Structure formats: structure tokens, C-alpha cells
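Reading the structure
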Amino acid sequence: MKKRIITIGRQYGSNGRSIAQKLSDKLGIHYYDKELIYLASQKNDISYEELLKVDEKRADPWRYPVEDDMQMNRRFRYEPMNDVLFETEKKVILELAEKEDCIIVGRCANYVLREKENVRNIFFYAPLEERIKTIMERASVDEKEAAYLIKKIDKQRRYYYNSYTDRRWEDMEQYDICMDTVKMSVDSILDILCAVYESIL
């Protein structure tokens, strides 16, 4: 039987990660977010902390994104660590999709699994003012800093996604369902996503 996969793209501050966690608990399946970095670090014998620096970021052509000693290692000298992480996470995502039902957050998972029929792709967004409130509370920052973080991280995610997929991150046509996380309760969102999961054949 084919495994059932849900991928989640999300604007920063839309609570996509917390919804993924709750959906994971409700369905009794695993969700993968930063754990993908850990699995990639094991595959390539690179420290988690170094890979975390380039997570969901495209390569900067003007500087090394990690410690020079690591980047200058013979294995990685001609390939930015961002590319190493993306290609390794890609392999991990494909392996997980064959092994278990799961939820995968970010990391271009909808693109990586685009040829599989047993995948449903979700994108979460929310009005800017609501995301600012969320980040102010989550990160304990003021309104100006929250707005800055949202702009910065959304930009990183957009450039990362567009760079590695040749698609547009916020192009709603490439997702099966796009949801404004402010328009309905979390319980309602979870009910919808559970129905989506159960409908995967």
C-alpha cells in the first residue's frame, strides 16, 4: 500500500509548523521539520549546527555560509553547503515517502514529491498584521522587529524555493489547498486536513 504524505508550505508567522505538529498528533503519524536537517547531517557526517545555518536558504555566491574549514573540505569545495543540504534532504524526503505516512514541512517537499500521486500539498498564509502579532508573542519582540523578521524569513524561503524549483513559492496553483489560518479555528483546519489525508488513495 502506498504511503500517504502531506507537505506543508507556510508563510512565516502563519502557524504552519504548530498546525503540522497538531495534525501529526491527531493522525498518529510523524511530522518532519528540522529533523530533516538532523537526518541530512547523519548522511553526510556534517554537524547539525552547521547545516542549520543554511536551512531553507539559497547559496550566497559571495561568501561561504558555514565554517571555512568545513566548506573547504575536499568533498564540498566546489558545492555550496546549501546545495549539499538540499540534495541530501531531497534524498531523505524521497526515502521517507516510500517508508511511512508522514507530514513534511517546507524544504520544497511538494516539488520533490511532485510525481507521486499519494501526496497532498498544503500552503498556509495569513494577513501580515496577524503574523506580526504572532511573531511578537512567539519571539518576544516589538512590532517593528516582528515585521522585519517576517520580511527577512519570507524572503529567504521565497528565494530558496524559487532557486531550487524554478517555480514561485507563493504560486497557489502548485498546491492542492491554500488556507488562511486566521479565517477559521485550528480545530476546523485540522478536521479539513484529516479529511484530506483520509481521501488519499
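Residues numbered from 1 in each chain as written. Predicted model: local features only at pLDDT ≥ 70, side-chain atom pairs only at ≥ 80, totals over all residues. Heavy atoms only, no water.

1. What about the packing of helix 1 (residues 16-27) against helix 9 (residues 186-199)?
The N-to-C vectors of helix 1 and helix 9 enclose an angle of 55 degrees; their axes lie 10 Å apart at closest approach. Put simply, helix 1 runs oblique to helix 9. Once helix 1 is placed against helix 9, the crossing between them reads as right-handed. Between helix 1, through Ile19, Lys22, Leu23, Lys26 and Leu27, and helix 9, the contact on the second element is made entirely by Val186, Ile189, Leu190, Asp191, Leu193, Cys194 and Tyr197. Tallied by class, the residues present in the contact of helix 1 with helix 9 amount to nine nonpolar, no polar and three charged. (Axes fitted to C-alpha atoms, helices over the stretch in contact; angles between N-to-C directions. Helix = DSSP H or I, 4+ residues; strand = E, 2+ residues; numbered from the N terminus. Parallel < 35°, antiparallel > 145°, perpendicular 65-115°, else oblique. Left-handed = near helix turned anticlockwise from the far one by under 90°. Contact = heavy atoms within 4.5 Å. Nonpolar A, V, L, I, M, F, W, Y, C, P; charged D, E, K, R; others polar.)

2. A closer look at the packing of helix 2 (residues 35-44) against helix 5 (residues 81-99)
Taken N-terminus to C-terminus, the directions of helix 2 and helix 5 make an angle of 105 degrees; their axes are 9 Å apart at the nearest point. It follows from the interaxial angle that helix 2 and helix 5 lie roughly perpendicular. Across the interface between the two elements, Leu36, Ile37, Leu39, Ala40, Lys43 and Asn44 from helix 2 touch Val84, Leu85, Thr88, Glu89, Val92, Ile93, Glu95 and Leu96 from helix 5. When grouped by side-chain class, the residues that make up the contact of helix 2 with helix 5 number nine nonpolar, two polar and three charged.

3. Things to note about the packing of aromatic side chains
Two aromatic rings are characterised by how far apart their centres lie and by the angle between their planes. Tallying each qualifying case throughout the model produces five aromatic pairs. Judged by centre distance (4.9 Å) and plane angle (35 degrees), the rings of phenylalanine 123 and tyrosine 175 are tilted. Placement of phenylalanine 123 in strand 4 (residues 119-125) and of tyrosine 175 in the loop between helix 8 (143-165) and strand 5 (177-180) is noted, with a sequence separation of 52 residues between them. Through a chain of ring-to-ring contacts, three or more aromatic side chains come together here, namely Phe86, Tyr160 and Tyr164. Of note, arginine 4 hangs over the ring of tyrosine 197, and the distance from its end group to the ring centre comes to 4.1 Å. The positively charged end of arginine 114 is found above the aromatic ring belonging to tyrosine 111, 3.9 Å away from the centroid. (Phe/Tyr/Trp six-rings, centres within 6.5 Å; stacked < 30°, edge-to-face > 60°. Lys NZ or Arg CZ within 6 Å of the ring centre and 35° of its normal.)

4. A closer look at the nonpolar core
Formed by 18 residues in total, the largest nonpolar core has its most connected members in Ile6, Ile8, Leu23, Ile103, Ile122, Phe124 and Leu193. Elements that contribute at least two residues to this core include exactly strand 1 (5-10), helix 1, strand 3 (102-105), strand 4 and helix 9. At five residues, helix 9 tops the list of elements feeding residues into this core. Filtering out sequence-adjacent residues up to four positions away, phenylalanine 124 remains in contact with Ile8, Gly9, Arg10, Gln11, Ser14, Gly16, Ile19, Met179, Thr181, Ile189 and Leu193. With 13 residues, the next largest nonpolar core counts Ile5, Ile93, Leu96 and Leu113 among its residues. (Core = buried A, V, L, I, M, F, W, Y, C linked by side-chain atoms within 4.5 Å. Buried < 20%, exposed > 50% of the residue type's maximum accessible area, 1.4 Å probe, protein only.)

5. What to know about unusual backbone geometry
One non-glycine residue, arginine 107, lies in the positive phi region at around 55 degrees. Looking at where arginine 107 falls in the secondary structure, it is placed in the loop between strand 3 and helix 6 (109-112). Within the chain, cysteine 108 stands out as a residue other than glycine whose phi angle is a positive 60 degrees. Looking at the secondary structure, you find cysteine 108 in the loop between strand 3 and helix 6.

Taken by themselves, the reported measurements are silent on function.
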